[in-house]
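# Examining the three-dimensional arrangement
If you want the building blocks of each chain, they are given just below.
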Amino acid sequence: MNKRTAVKKLTFAALFLALAMVLPFLTGQIPQIGSMLCPMHIPALLCGFVCGAPWGLGVGLIAPLLRSLLFGMPALFPQATSMALELATYGLISGLMYRLLKNVKGREYMALIIAMVCGRVVWGFARLFFAGLSGGVFTWQAFLAGAITTAVPGIILQLVIIPPIVLLLAKAGLIKKA
């Protein structure tokens, strides 16, 4: 990777990290569904698409932990720690799948859906592990509620806005085309 590309990726990663810090403040203004929009997920997923798997993993891992330390939300344990693993998975898998599926029509959607499923599975295992550490219980119903039911608005939002953003960035030459 040449120096110019490295600086570009670092700049975009910093932008996505900043968005992960700010977006929850904006969606928090909608009390009924603000947290259900999963605002920190969008920058982690986009970072994977734009900067690649390693950068997406890094931004996804750092964002919830940093936001927890700076603003107290989400709570560091188990929410931010579980979310850090989930978002790291989003960034890693979206970046990997976008590159691996380079000759597949609709790869933006396919990569996004695969990343979303993998991230939610990792989140579920993390919550199960952390519940076991703390003597708590994490049930199948809790997984379904946290990963799917309450996240439906966020899932829809991600499916609606992320692929068009990726396509526009690719058209503008900011993402390497297939």
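One structure accompanies this document, and this report is about it. Everything quoted here is computed from the prediction, not taken from an experiment.

Calculation notes
- Think of each chain on its own: its residues are numbered from 1, step by step along the sequence as written.
- Whole-chain, interface and lining totals are the exception, using all residues; otherwise, since this is a predicted model, local features are given only for residues with pLDDT of at least 70 and side-chain atom pairs are given and counted only at 80 or more.
- Side-chain numbers here rest on the full set of heavy atoms in the structure, without hydrogens or water.
- In this analysis, axes come from line fits to C-alpha atoms, helices being fitted only over the stretch in contact, and the angle between any two N-to-C directions falls in the range 0 to 180 degrees.
- Helix and strand definitions here come from DSSP, where helices need a minimum of 4 consecutive H or I residues and strands a minimum of 2 consecutive E residues; each element is numbered from the N-terminal end.
- What sets the label is the angle itself: under 35 degrees gives roughly parallel, over 145 gives roughly antiparallel, 65 to 115 gives roughly perpendicular, and the rest give oblique.
- Handedness of a crossing follows from how the near helix is turned relative to the far one, being left-handed for an anticlockwise turn of less than a right angle and right-handed for a clockwise one.
- Residues count as neighbours in contact if any of their non-hydrogen atoms are within 4.5 Å of one another.
- By the convention adopted, Pro, Cys, Tyr, Trp, Phe, Met, Ile, Leu, Val and Ala count as nonpolar, Lys, Arg, Asp and Glu as charged, and the other residues, Gly among them, as polar.
- A patch consists of residues whose relative accessible area exceeds 30% and which take part in no salt bridge; residues with like charges are grouped when within 9 Å of each other, and nonpolar side chains (Val, Leu, Ile, Met, Phe, Trp, Tyr) when within 5 Å.
- The accessible surface values rely on the Shrake-Rupley method and a 1.4 Å probe; as for residues, cover is taken only from the protein chains in view.
- By salt bridge we mean one thing: a side-chain nitrogen of Lys or Arg within 4 Å of a carboxyl oxygen of Asp or Glu.
- Residues enter a nonpolar core if they are buried and are Ala, Val, Leu, Ile, Met, Phe, Trp, Tyr or Cys, with the set joined through side-chain atoms within 4.5 Å.
- The rule is simple: take the accessible area with a 1.4 Å probe, protein chains only, and divide by the maximum for that residue type; under 20% is buried, over 50% is exposed, in between is partly exposed.
- Centres within 6.5 Å make a pair out of two Phe, Tyr or Trp rings, where for Trp the six-membered ring is used; the pair is then stacked when the planes are under 30 degrees apart, edge-to-face when over 60, and tilted otherwise.
- We count a charge as sitting over a ring when the NZ of a lysine or the CZ of an arginine lies within 6 Å of the ring centre and within 35 degrees of the ring normal.

Attention now moves to the packing of helix α5 (residues 107-134) against helix α7 (residues 152-171). Look at α5 against α7: their axes get within 9 Å of each other, and the N-to-C directions meet at 140 degrees. On the basis of the axis angle, α5 is oblique to α7. Every pair of crossing elements has a handedness; the one defined by α5 and α7 is right-handed. Contacts between α5 and α7 involve Glu108, Tyr109, Leu112, Ile113, Met116 and Arg120 from the first element and Ile155, Gln158, Leu159, Ile162, Pro163, Pro164, Val166 and Leu167 from the second. Along the lines of polarity and charge, the residues of the contact of α5 with α7 split into 11 nonpolar, 1 polar and 2 charged.

Side chains of Tyr109, Ile113, Val117, Val121, Phe125 and Leu128 sit close together on the surface and give an oily, nonpolar patch of about 560 Å² of accessible area. Locating tyrosine 109 in the fold gives a position in helix α5.

Here the focus is the nonpolar core. It is characteristic of soluble globular proteins that their nonpolar side chains tend to be buried jointly. In terms of nonpolar packing, the biggest core is built from 35 residues, with Phe16, Phe49, Val50, Tyr98, Ile162, Val166 and Ile175 touching the most fellow members. Among the elements of the structure, α1 (3-27), α2 (41-51), α3 (53-71), α4 (76-100), α5 and α7 are those that each provide at least two residues to this core. Per element, the largest residue contribution to this core is 8 residues, and it comes from α2. Every residue in contact with tyrosine 98, bar those within four places of it in the chain, is listed here: Phe49, Ile93, Arg107, Glu108, Ala111, Val166, Ala170, Ile175 and Lys176. Core analysis: the next-biggest nonpolar cluster, separate from the first, contains 5 residues, Trp123, Phe138, Phe143 and Ala147 among them.

Moving on to the side chain of glutamine 158. Mapped onto the fold, glutamine 158 is located in helix α7. For glutamine 158, a relative accessible area of 0% gives the class buried. When near neighbours in sequence (up to four residues on either side) are disregarded, glutamine 158 contacts Cys38, His41, Ile42, Leu45, Leu112, Met116, Arg120 and Pro163.

This brings us to the packing of α1 against α3. At a minimum axis distance of 10 Å, the contact between α1 and α3 shows a crossing angle of 40 degrees. Classified by the angle their axes make, α1 and α3 are oblique. Here α1 runs over α3; the crossing is right-handed. For the pair α1 and α3, the contacting residues are Lys9, Leu10, Ala13, Phe16, Leu17, Ala20, Met21, Pro24 and Phe25 in the first and Trp55, Val59, Ile62, Ala63, Leu66, Arg67, Leu70 and Phe71 in the second. Taken together, the residues of the contact of α1 with α3 sort by class into 15 nonpolar, no polar and 2 charged.

Tallied over the full model, the rule gives 8 aromatic pairs. Considering the side-chain rings of phenylalanine 77 and phenylalanine 130, the 5.1 Å spacing of their centres and the 65 degrees angle between planes classify their relative orientation as edge-to-face. Here phenylalanine 130 lies in helix α5 and phenylalanine 77 lies in helix α4, a separation of 53 residues in the sequence. Residue classification places phenylalanine 130 among the buried residues on the basis of a relative accessible area of 12%. Counting every residue linked through ring pairs, the aromatic cluster contains Trp123, Phe138, Trp140 and Phe143. Geometry around phenylalanine 25 places arginine 67 over its ring, the cationic atom sitting 4.5 Å from the centre. A cation over an aromatic ring shows up here: arginine 107 above the ring of tyrosine 98, its NZ or CZ 3.7 Å from the ring centre.

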